[in-house]
2 protein chains.
Amino acid sequence: MIPWKEVAIVGGYGRMGRFFARVLSRDGFHVTICGRRLERARRVARRLGVSYGEVDSSVRGADLVIVSVPIDATYDVCMSVAKEMERGSTIVEIASVKTGIADRLRSDLPRHVRFVSAHPLFGPTVRGLRGRNVVIIKGGDEEATRRLRLYLESKGASVSLLTVDEHDRAMATVQVLHHYALLSFSYVLQNELRRRPKLADLLTESLRLTLRSVKRVLDNLDAVLEIQERNPYAGEARREFVKAIAGSLEQG
Amino acid sequence: MIPWKEVAIVGGYGRMGRFFARVLSRDGFHVTICGRRLERARRVARRLGVSYGEVDSSVRGADLVIVSVPIDATYDVCMSVAKEMERGSTIVEIASVKTGIADRLRSDLPRHVRFVSAHPLFGPTVRGLRGRNVVIIKGGDEEATRRLRLYLESKGASVSLLTVDEHDRAMATVQVLHHYALLSFSYVLQNELRRRPKLADLLTESLRLTLRSVKRVLDNLDAVLEIQERNPYAGEARREFVKAIAGSLEQG
């Protein structure tokens, strides 16, 4: 079941973009990657065995456009590429924060495109969609939402439908709190390692496992910091964390 | 190279005890496990293909005794089994905190046994010694220390020699801080999951990886709490962590 045929991925040479290019082309979609850096798109496209092109021509020829760019650029890029898209084609943005992006796009995008806001709850290092969680934001185009959901579920992903606010509240825990706890730990650990370099020979296996989590966060630091800044419940999540552990300190 | 022949593991039916029973018997040592619970020793011994016995008779027949019991019991068990041990035989304790244990044992144990304090920096779920870090505390019996170190290094482990104080300072970071950060995060996450059970469907892959680290800590909670209580630098490590993240909160 292929709900779309011609897919353009804006930012398709980025890490998440490459993930979708791989998965979708393996699945029989014709994928074109594009973005501001044509030479980079060319190199990545050759490696992945997909097409590449200028942004405008790529999205003009597509019935599905995936916008996979930094959170801060998502609104503007969507507004700009939508103008070039054909009537009835679908645009999907996948930013990790939805307030100020999905809600504004829903009202601001031209009516000739079908808009869906989604958030894949995994990074680009996973192999495929099986067993992965994906959020689709309620209130997007009904037909495009139905198709996207069926496609994802047919690949074994688990789809949750949430409002913009429900999404950002949930991600304040799942992403903001999680990243903040790991980064805080990493910060104190790195300070200790600088003061006492011998510590590096004294890592437990359990700490090595946690450092793999820390590395994932650091590998993705730009996005992590954008989430910390833009999720409207981020400050609250960080404060709750500090309060909880400061409280435990007083008791113990 | 087998530096000892007859090994008795006190607490050998516990998780770390079973790890050493497996590794050492696979390596050609004759292993006897013992402890206060004879029936449990019998069952575990049968499963592992090793011997079992009463504590006193087992340690009497051994040229190496490994004491693998909870931190709080380590000093007393060592003192009590040493009395039964043969002249020139070796006793090794593996507690995760050394202040108040290794230092006291070094002065209090009868002179007819050779004492070594070690700390394997891994849990019982690892497969073998290759690539693992082990601390040996300075100031133990020289000959037994040399033998233990050679044996561990011949198995591919990496051995660090530290004083009691160096060990506990290092473990305040590697264990206390690490466990405290994970438990604090887990505490706030579990609260959120109780308030909003839907969150369980919204875990990212990166959070799932971190939850594996959390699970390791929770699987080993008794030992983790003993370390939090008994490591003399634990309070300082927890305070540094809270201060660091509370500071970052004010700035951000």
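Residues numbered from 1 in each chain as written. Chains lettered and ligands numbered in written order. Predicted model: local features only at pLDDT ≥ 70, side-chain atom pairs only at ≥ 80, totals over all residues. Heavy atoms only, no water.

Draft legend 1. Broad picture of the packing of aromatic side chains. Tallied over the full model, the rule gives 8 aromatic pairs over all chains. With 5.2 Å between their ring centres and 80° between their planes, Phe-19 of chain A and Phe-20 of chain A make a pair best called edge-to-face. On the numbers, 5.3 Å between centres and 85° between planes, the contact of Phe-29 of chain B with Tyr-151 of chain B is edge-to-face. Here Tyr-151 of chain B lies in helix α6 (residues 142–154) and Phe-29 of chain B lies in the loop between α1 (15–26) and β2 (30–34), a separation of 122 residues in the sequence. (Phe/Tyr/Trp six-rings, centres within 6.5 Å; stacked < 30°, edge-to-face > 60°. Helix = DSSP H or I, 4+ residues; strand = E, 2+ residues; numbered from the N terminus.)

Draft legend 2. Quick peek at the interface of chain A and chain B. Each side of the interface is counted separately: chain A has 54 residues, and chain B has 54 residues. Between chain A and chain B, a total of about 4,800 Å² is buried, with carbon and sulfur atoms accounting for 64% of that surface. At the boundary of chain A with chain B, the tally comes to 2 salt bridges. For the salt bridge of Glu-205 of chain B with Arg-132 of chain A, the shortest nitrogen-to-oxygen distance reads 2.8 Å. For the pair chain A and chain B, the interface holds 20 residue pairs in polar contact (both at pLDDT 80 or more). Those elements that provide at least two residues to the side of chain A that touches chain B are β7 (133–137), β8 (158–162), α7 (164–195), α8 (205–219) and α10 (234–251) of chain A. In terms of residue count, the dominant contributor to the side of chain A that touches chain B is α7 of chain A (18 residues). Residue composition of the side of chain A that touches chain B, by class: 27 nonpolar, 13 polar and 14 charged. (Contact = heavy atoms within 4.5 Å. Buried area = accessible area lost by both parts, 1.4 Å probe. Salt bridge = Lys/Arg side-chain N within 4 Å of Asp/Glu carboxyl O. Polar contact = N/O pair within 3.5 Å; in protein donor to acceptor, adjacent residues only side chain to side chain. Nonpolar A, V, L, I, M, F, W, Y, C, P; charged D, E, K, R; others polar.)

Draft legend 3. Main features of the nonpolar core. In terms of nonpolar packing, the biggest core is built from 54 residues, with Phe-185, Leu-202 and Phe-241 of chain A together with Phe-185, Leu-202 and Phe-241 of chain B touching the most fellow members. Among the elements of the structure, β7, α7, α8 and α10 of chain A together with β7 (133–137), α7 (164–195), α8 (205–219) and α10 (234–251) of chain B are those that each provide at least two residues to this core. If near-sequence neighbours (up to four positions away) are discounted, Leu-202 of chain A is found in contact with Leu-121, Asn-133, Val-135, Ser-160, Leu-162, Ala-170, Met-171 and Val-174 of chain B. (Core = buried A, V, L, I, M, F, W, Y, C linked by side-chain atoms within 4.5 Å. Buried < 20%, exposed > 50% of the residue type's maximum accessible area, 1.4 Å probe, protein only.)

Draft legend 4. Quick look at the pairing of β2 of chain B. All names here are of chain B. Of all 5 residues in β2, 4 are buried; the element is thus mostly enclosed. Bridge count between strand β1 (residues 6–10) and β2: 5 bridges; the pairing is parallel. Following the sheet pairing, Ile-9 is matched in β2 by Ile-33. For the handedness criterion, the β-α-β arrangement of β1, α1 and β2 is classed as right-handed. With 3 bridges connecting them, β2 and strand β3 (residues 51–53) associate as parallel partners. From the neighbouring strand, Cys-34 faces β3, where its bridge partner is Gly-53. At this point the chain moves from β2, through helix α2 (residues 38–48), to the parallel β3, and the crossover so formed is right-handed. (Pairing = 2+ DSSP bridges. Right-handed = clockwise from strand over helix to strand, strands pointing away.)

Draft legend 5. Main features of the domain arrangement of chain A. Residue and element names in this part refer to chain A. Split by domain assignment, chain A resolves into domain 1 (6–162) and domain 2 (165–251). Put simply, the middle of domain 1 and the middle of domain 2, counted by C-alpha atoms, are 29 Å apart. Across the contact, 18 residues belong to domain 1 and 14 residues belong to domain 2. Taken together, the two surfaces of domain 1 and domain 2 that pack against each other cover about 1,300 Å², and 51% of this comes from carbon and sulfur. The interface formed by domain 1 and domain 2 includes 1 salt bridge. Of the charged contacts in the structure, one is a salt bridge between Arg-230 and Asp-72, with a shortest N-O distance of 2.7 Å. Taken together, the connections running from domain 1 to domain 2 amount to 6 residue pairs in polar contact (both at pLDDT 80 or more). Here the residues of the side of domain 1 that touches domain 2 are counted per class, giving 9 nonpolar, 5 polar and 4 charged. (Domains from an automatic or database assignment.)

Draft legend 6. Highlighting the pairing of β1 of chain B. Residue and element names in this part refer to chain B. Of all the 5 residues making up β1, 4 are buried; the element is thus mostly covered by neighbouring parts of the structure. Both β1 and strand β4 (residues 64–67) contribute to a ladder of 4 bridges, which runs parallel. Among the inter-strand pairings, Ile-9 is bridged to a residue of β4, identified as Ile-66.

Draft legend 7. Spatial organisation of α6 of chain B. All names here are of chain B. Between the first and last C-alpha of α6 there are 18 Å, a value that for 13 residues agrees with the 18 Å anticipated at 1.5 Å per step. Ala-144, Thr-145, Leu-148, Tyr-151 and Leu-152 are the residues of α6 that are buried. Along the axis of α6, the buried positions cluster into a sector of 135°, meaning they face one direction only. Contacts from the buried residues of α6 go to α1, β5 (90–93), β6 (114–120), β7 and β8 (158–162). The N-capping residue of α6, defined by a side-chain oxygen 3.2 Å from the backbone nitrogen of Glu-143, is Asp-141. Trailing α6 by a residue or two, Gly-156 shows a phi angle of about 90°, which is positive. (Expected span 1.5 Å × (residues − 1). Arc of directions from axis to C-beta.)

Draft legend 8. Region of interest: the relation of the copies chain A and chain B. Structural alignment of chain A on chain B gives an RMSD of 0.1 Å, achieved by rotating through 180° and translating 0.0 Å along the axis. Such a combination of turn and shift is consistent with a two-fold rotation axis. Take the interface residues of chain A: 100% of them recur as interface residues in chain B, which is what a same-surface contact looks like. (Least-squares fit on C-alpha atoms with pLDDT ≥ 70 in both.)

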